[in-house]
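Residue-level listing of the chains:
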Amino acid sequence: QLQLVESGGGMVQAGGSLRLSCAASGRAFSSYTMGWFRQAPGKEREFVGVIAWSGGATYFADSVKGRFTISRDNAKNTVALQMNGLKPEDKGVYYCAGAPAGIKNWGREGQYGYWGQGTQVTVSS
């Protein structure tokens, strides 16, 4: 069982920054790979980035690489998505998701069995 709650969304100007947090509850949270996805109106949900809780490895979509980072704090059961240099196309509802460790494709939604409710990010131009 893994319950996820995102927070930290809001409205920022282009070029600004936001830090999203994902609070996890449930046993064996540290065994989960944690991903971030986003979905804008009229668009399909897309992969943003991922972090392996156990190994610390991270991977990002090309669209955000170099601007976004992911960090973890297993002691606090949290994962953070730091978003810098935000662009209008970054807007959408951001979701954190959990998957069993060892998944083969970090960018596939189907790999993740646990999802948060999402938090809205708006970027003004």
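For the structure given in this document, a descriptive report is provided here. Computed from a predicted structure; not experimentally measured.

## Things to note about the overall build of the protein chain
Part 1 of the reasoning: Counting its regular elements, the protein chain contains zero helices and eleven strands.
Part 2 of the reasoning: Along the protein chain, helices and strands appear, N-terminal first, in the series β-β-β-β-β-β-β-β-β-β-β.
Part 3 of the reasoning: The C-alpha radius of gyration computed for the protein chain amounts to 13 Å, which stays within 12% of the reference 14 Å derived for 125 residues, consistent with globular compactness.
Part 4 of the reasoning: Along the three orthogonal principal directions, the C-alpha set of the protein chain runs to about 40 × 25 × 25 Å.
Part 5 of the reasoning: A total of 125 residues make up the protein chain; the buried ones form 42% of that total.
Part 6 of the reasoning: In the protein chain, of all internal contacts separated by at least 6 residues, the share reaching a separation of at least 24 is 58%.
Part 7 of the reasoning: Accessible surface, the protein chain: about 6400 Å² in total, of which carbon and sulfur atoms supply 47%.
Part 8 of the reasoning: Across the protein chain, the 13 positively charged side chains and the 8 negatively charged ones have centroids separated by 5 Å.

## Brief notes about the pattern of salt bridges
Part 1 of the reasoning: The full count for this structure, using the stated rule, is four salt bridges.
Part 2 of the reasoning: As a salt-bridge pair, Arg38 and Asp90 come within 2.8 Å of each other at their nearest N and O atoms. In this pair, Arg38 sits in strand β4 (residues 32-39) while Asp90 sits in the loop between β8 (78-83) and β9 (92-100), placing the two residues 52 residues apart along the sequence. Of the two residues, Arg38 and Asp90, neither departs from the other in class, the shared state being buried.
Part 3 of the reasoning: Across the pair Arg67 and Asp90 runs a salt bridge whose closest N-O atoms are separated by 2.7 Å. Linking Arg67 in the loop between β6 (58-60) and β7 (68-73) with Asp90 in the loop between β8 and β9, this pair joins segments that are 23 residues apart in sequence.

## Side note on the side chain of Asp90
Part 1 of the reasoning: In this structure Asp90 comes out as buried when scored by relative accessible area, which is 0%.
Part 2 of the reasoning: Here the side chain of Asp90 touches Arg38 through a polar contact of 2.8 Å, side chain to side chain.
Part 3 of the reasoning: Within the local environment of Asp90, its side chain forms a polar contact with the backbone nitrogen of Lys87, the two atoms lying 2.7 Å apart.

## Structural notes on the sheet that holds β8
Part 1 of the reasoning: Strand order in the open sheet formed by four strands is β1-β3-β8-β7, with antiparallel pairing between adjacent strands. Strand pairing shows two members of the sheet lacking a second neighbour, β1 (3-7) and β7, which therefore form its edges. With direction set aside, neighbouring strand axes in the sheet form an average angle of 15 degrees.
Part 2 of the reasoning: Note that β7 and β8 share six bridges and pair antiparallel.

## Things to note about the nonpolar core
Part 1 of the reasoning: Membership of the largest hydrophobic core comes to 34 residues, with the highest contact counts inside it found for Met34, Trp36, Phe68, Val79, Leu81, Met83 and Tyr94.
Part 2 of the reasoning: Breaking this core down by element, the ones donating at least two residues are β3 (18-25), β4, β5 (46-52), β7, β8, β9 and β11 (119-124).
Part 3 of the reasoning: When residues no more than four places from it in sequence are discounted, the contact partners of Met83 are Gly16, Ser17, Leu18, Leu20, Arg67, Phe68, Tyr94 and Val121.

## Focus on the pairing of β5
Part 1 of the reasoning: Counting buried residues in β5 gives six out of seven residues, a clear majority hidden from the surface.
Part 2 of the reasoning: Here β4 runs beside β5; their pairing, made up of six bridges, is antiparallel. Its bridge partner lying in β5, Met34 is registered against Ile51.
Part 3 of the reasoning: Where β4 folds back on β5, the antiparallel hairpin that results is connected by six residues, among which Gly42 adopts a positive phi of roughly 80 degrees.

Reading guide: rules and limits
- Residues numbered from 1 in each chain as written.
- Predicted model: local features only at pLDDT ≥ 70, side-chain atom pairs only at ≥ 80, totals over all residues.
- Heavy atoms only, no water.
- Helix = DSSP H or I, 4+ residues; strand = E, 2+ residues; numbered from the N terminus.
- Rg over C-alpha atoms; globule rule 2.2 N^0.38 Å.
- Buried < 20%, exposed > 50% of the residue type's maximum accessible area, 1.4 Å probe, protein only.
- Contact = heavy atoms within 4.5 Å.
- Areas by Shrake-Rupley, 256 points an atom, 1.4 Å probe, with all protein chains shown as cover.
- Lys, Arg positive; Asp, Glu negative; His and termini not counted.
- Charge placed at Lys NZ, Arg CZ, Asp CG, Glu CD.
- Salt bridge = Lys/Arg side-chain N within 4 Å of Asp/Glu carboxyl O.
- Polar contact = N/O pair within 3.5 Å; in protein donor to acceptor, adjacent residues only side chain to side chain.
- Pairing = 2+ DSSP bridges.
- Axes fitted to C-alpha atoms, helices over the stretch in contact; angles between N-to-C directions.
- Core = buried A, V, L, I, M, F, W, Y, C linked by side-chain atoms within 4.5 Å.

Any functional reading would require information beyond the geometric quantities listed.
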